[in-house]
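The residues making up each chain are set out below.
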Amino acid sequence: MEIQRQSKQQQQEFALASITELASSSTTSSCSRSQSVPVTARFSADNGVAELRFNRDSDDSITVDVKTARIFKLGPLQSVCITEASDADSSKEKYSTGVNFQFRNEEESGAFHCAFEQWKKEVTVQGALLPNGPVMACKSKFDDKIEPSSAKMYFHYYGQLLHQQNMLQDYVRTGTYYAAVIENRADFFGRVVVDVGAGSGILSLFAAQAGAKHVYAIEASEMAEYARKLIAGNPSLGERITVIKGKVEEVELPEKADILISEPMGTLLVNERMLESYVIARDRFLGPNGKMFPTVGRIHMAPFSDEYLFVEIANKALFWQQQSYYGVDLTPLHGSAFGGYFSQPVVDAFDPRLLVAPTICHVLDFTEIKALYSNLGCIVGYCTPERSFASKAFRFFLMSDSCPFLPDEVTALTFLGSTHQNFSLFFLQEEDLYEIDIPLKFIASVGTRIHGLACWFDVLFNGRQVFVLIFIPLFYTVQRWLTTAPGAPTTHWYQLRCVLSQPLYVMAGQEITGQLRMVAHNAQSYTIYLTLSAKMWGPGAEQGGILQTSSCKLDLKEPYYRMSQPQAYAMAQDQQPHQLIHSQDIQIQATDDLEEPELIQPPPQNLEGQLQ
Ligand SMILES: C[S@@+](CC[C@H](N)C(=O)[O-])C[C@H]1O[C@@H](n2cnc3c(N)ncnc32)[C@H](O)[C@@H]1O
């Protein structure tokens, strides 16, 4: 489609099938000159003026000013560009220029027209182009919130095949995606798919295997070139895939998508802040009633007790307790070093028996369909933004006819704000991911010393399967979970633990409360604030109030990867982990309810061999 972008996007070039010059101010002849050799159309910014140049060969081109040019579609593959003659010499009669051009296919036509609109918008809004052309000139949401040095490192990392290979070799991850796509062919077959952050293009290829009509694979890093190569090497699938190099916040697509597929999860689900790009892609590219794969993400949390880990971290700072290090007293820095080690979240695969209370979870529904709650607390319907109306207009559907004052479907109900009389609306917006607050409440299962909070995540692919029973199509929900839970097959995300420098002492049955607050920062990660408190326990506890509180602040961007020693464990017959272990196994349900998946497989007996 777009075949070249050069020097910081000052130029944008498209391949055409042919062009025909209709007439020009310098030519009075009514004869058209026609070319059948492939030609190009190139947008460029020169001295703040945007030009569109139709090149037939190196020394034969037609140049038009984007500001005055107008483009009309004559057919799916044919367009005409008309530009007014300049006023420079008012004594002469004015003639306009006309160029009739043909595209090779509809996608290329769509992409060209999107680009034209963007260049045109830029010159109209700015008056003249900034030196870097339209995309750079208007800062995207991504550029607004992310530090350029962080983005540079981030896309450099993902531009390398070895890191893509690392993800591809996480067979739990990639295999679950493959299964989720192939099992849910009905969601992909004949559909337009957008792969958000395509990397090597693997998910686009899976979507094409499932029969997608067309896949747009958007990738911002240099990996886009490798993706093109991989896709070209699989021509039967590749002919239905278009790789678009650019950020999902910036690129334009020629059509709306029926389904988005992406792997935007970082450590603790939210690290890398790519979920925000996934939500932006939803708002920019997904058509009405579109689907998202994955559909939902959940962060699971439980307090843990791990004396070895605590001592290991505390001991790292012992170095700074030396009073005569080559004659220098290091102790003034001991406190800072101690605090520094406890500000690193620990990433490893731990034994689930270290958890000391049943887990809780925080749900992030990536789709925009949200429950609508009455003030009585019951769900009475759901609503979804109606894209053709203003952003605050919603389409409303009742789940039952129990509500007397609303018809079954009321369109364009305008809710000015998040609360309207009896109803509360919950929409996951990109901004909701800037600050995530999770209240914590656990009941300790054993008397122990709590060293912190263990976290992991899972995501749900809420698919659709069609069975035909005597010519009647039946639709079933096919739910597949990808989990990173302790005790489940290890993934490259492992699990994450926030360790308190002041452990808490609890008795069995004692309540532990607190808060996990995650605040996004411009280095594509989060600052984590954790507080855990244990209330008085036993007779007279009500009067006692909070007994102990411990807090810590951690940077999710700077974790301590603790994978050097394999974390072997054997699951004793009589011991069960405190949290439900989610399996990736298929679940077929006839409802859309988001239920905890059942334990289908027993946890593995030994994870030793799976750790790298
Ligand atoms: C976790 S990798 C997943 C790659 C591939 N989809 C897979 O599953 O193997 C995320 C990819 O998204 C790309 N990416 C992240 N943010 C992006 C954005 N805002 N626009 C376009 N690509 C982005 C990264 O460069 C990276 O290649």
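Residues numbered from 1 in each chain as written. Predicted model: local features only at pLDDT ≥ 70, side-chain atom pairs only at ≥ 80, totals over all residues. Heavy atoms only, no water.

Looking at an unreviewed UniProt entry, the chain carries the name type I protein arginine methyltransferase, with the source organism given as Dovyalis caffra. According to UniProt, the comment filed for the chain under the heading Catalytic activity (unreviewed entry) is "L-arginyl-[protein] + 2 S-adenosyl-L-methionine = N(omega),N(omega)-dimethyl-L-arginyl-[protein] + 2 S-adenosyl-L-homocysteine + 2 H(+)". (UniProt positions renumbered as here; feature names shortened; annotations may be inferred.)

Visitor: Hey, could you run me through the sheet that holds strand 13 (residues 241-245) in this one?
Guide: Whenever strands of a sheet pair, they do so through backbone hydrogen bonds, lying parallel or antiparallel. The strand order across the open sheet formed by five strands is 13-12-11-14-15, and the pairing between neighbours is parallel. Looking at the sheet topology across the chains shown, the edges are occupied by strand 13 and strand 15 (286-293). On average, adjacent strands in this sheet sit at an angle of 20 degrees to one another, irrespective of strand direction. Where strand 11 (residues 192-196) meets strand 12 (residues 214-219), five bridges bridge the pair, whose relative direction is parallel. (Pairing = 2+ DSSP bridges. Helix = DSSP H or I, 4+ residues; strand = E, 2+ residues; numbered from the N terminus. Axes fitted to C-alpha atoms, helices over the stretch in contact; angles between N-to-C directions.)

Visitor: Got a minute to help me understand the pattern of salt bridges in this structure?
Guide: Side chains that differ in charge, positive against negative, can pair when their charged atoms come close. Evaluation of the coordinates by the stated rule reveals 28 salt bridges. Ionic pairing is found between Arg517 and Glu435, a salt bridge with its closest N-O pair at 3.1 Å. In this pair, Arg517 is assigned in strand 29 (residues 511-521) and Glu435 in strand 25 (residues 435-443), connecting sequence segments 82 residues apart. A network of salt bridges, in which partner residues are shared, links Lys141, Lys145, Arg273, Glu276, Glu430 and Glu431. (Salt bridge = Lys/Arg side-chain N within 4 Å of Asp/Glu carboxyl O.)

Visitor: Any chance you could explain the packing of helix 6 (residues 171-183) against helix 8 (residues 202-209) here in plain terms?
Guide: Working note: a packed helix pair is described by the angle between its axes plus the distance between those axes. With their axes 9 Å apart at the nearest point, helix 6 and helix 8 run at an angle of 25 degrees to one another. On the basis of the axis angle, helix 6 is roughly parallel to helix 8. Handedness of the crossing formed by helix 6 with helix 8: right-handed. From helix 6, Arg173, Thr174, Tyr177, Tyr178, Val181 and Ile182 reach across to helix 8, where they touch Ile202, Leu203, Phe206, Ala207 and Gln209. Along the lines of polarity and charge, the residues of the contact of helix 6 with helix 8 split into eight nonpolar, two polar and one charged. (Parallel < 35°, antiparallel > 145°, perpendicular 65-115°, else oblique. Left-handed = near helix turned anticlockwise from the far one by under 90°. Contact = heavy atoms within 4.5 Å. Nonpolar A, V, L, I, M, F, W, Y, C, P; charged D, E, K, R; others polar.)

Visitor: Mind showing me how you'd approach the environment of Thr20 here?
Guide: Relative to the helices and strands, Thr20 is located in strand 3 (residues 18-23). Owing to a relative accessible area of 18%, Thr20 belongs among the buried residues under this scheme. Through-space distance from the C-alpha of Thr20 to that of Gly98 is 8.5 Å; in sequence the pair is 78 residues apart. (Buried < 20%, exposed > 50% of the residue type's maximum accessible area, 1.4 Å probe, protein only.)

Visitor: Sorry, what's going on with the nonpolar core here?
Guide: Side chains of nonpolar character tend, in soluble globular proteins, to be buried together. Among the nonpolar cores identified, the biggest contains 91 residues, and Leu260 and Met518 are the most heavily contacted of them. Counting residues in hydrophobic clusters, the runner-up holds 24 residues, among them Leu16, Val39, Ile62 and Phe101. (Core = buried A, V, L, I, M, F, W, Y, C linked by side-chain atoms within 4.5 Å.)

Visitor: Even after reading the chapter, I still don't get the site of the ligand, so can you show me in this structure?
Guide: Lining the immediate environment of the ligand, one finds 22 residues, of which Arg173, Gly197, Glu219, Val248 and Glu249 sit closest. At 3.0 Å from a nitrogen atom of the ligand is found a main-chain nitrogen or oxygen belonging to Val248. Ser277 places a polar side-chain atom, nitrogen or oxygen, 3.3 Å from a nitrogen atom of the ligand. In the complex, the protein chains occlude 99% of the 590 Å² of accessible area that the ligand would expose alone. For the shell around the ligand, the secondary-structure elements that each account for two or more residues are helix 4 (148-158), helix 5 (161-168), helix 8 and helix 11 (274-285). In terms of residues, the shell around the ligand owes the most to one element, helix 4, which gives three residues. Here the shell around the ligand is built from residues that sort into eleven nonpolar, six polar and five charged. (Near = heavy atom within 4 Å. Polar contact = N/O pair within 3.5 Å; in protein donor to acceptor, adjacent residues only side chain to side chain. Areas by Shrake-Rupley, 256 points an atom, 1.4 Å probe, with all protein chains shown as cover.)

Visitor: How do you make sense of the side chain of Thr513 when you look at a structure like this?
Guide: Mapped onto the elements, Thr513 comes out in strand 29. Once residues within four sequence positions are removed from consideration, Thr513 is found in contact with Leu440, Lys441, Thr531, Leu532 and Ser533.

Visitor: Can you walk me through helix 8 in this structure?
Guide: Owing to its 3.6 residues per turn, the α-helix brings residues three or four apart onto one side. Taken across its eight residues, helix 8 has seven buried, putting it largely inside the fold. The set of residues buried in helix 8 consists of Ile202, Leu203, Ser204, Leu205, Phe206, Ala207 and Ala208. Looking at the residues trailing helix 8, positive phi occurs at Gly211, about 95 degrees.

Visitor: I'm lost on the packing of aromatic side chains in this one. Help?
Guide: To describe a pair of aromatic rings, one takes the distance between the centres and the angle between the planes. Applying the stated rule across the entire model yields 23 aromatic pairs. On the numbers, 5.4 Å between centres and 70 degrees between planes, the contact of Phe101 with Phe112 is edge-to-face. Highlighted residues: Phe101 in strand 10 (residues 97-102) and Phe112 in helix 1 (residues 106-126), separated in sequence by eleven residues. Residue Phe101 is classed as buried on the basis of its relative accessible area, which comes to 0%. Classification of Phe112 as buried rests on a relative accessible area of 0%. Ring plane angle 70 degrees and centroid distance 5.5 Å describe the contact between Tyr278 and Phe366, whose orientation is recorded as edge-to-face. Here the residue Tyr278 occupies a position in helix 11, and Phe366 occupies one in the loop between strand 18 (360-365) and strand 19 (370-373), the gap between them amounting to 88 residues. Through successive ring pairs, a cluster of aromatic residues spans Phe14, Phe43, Phe54, Phe101, Phe103, Phe112 and Phe116. (Phe/Tyr/Trp six-rings, centres within 6.5 Å; stacked < 30°, edge-to-face > 60°.)

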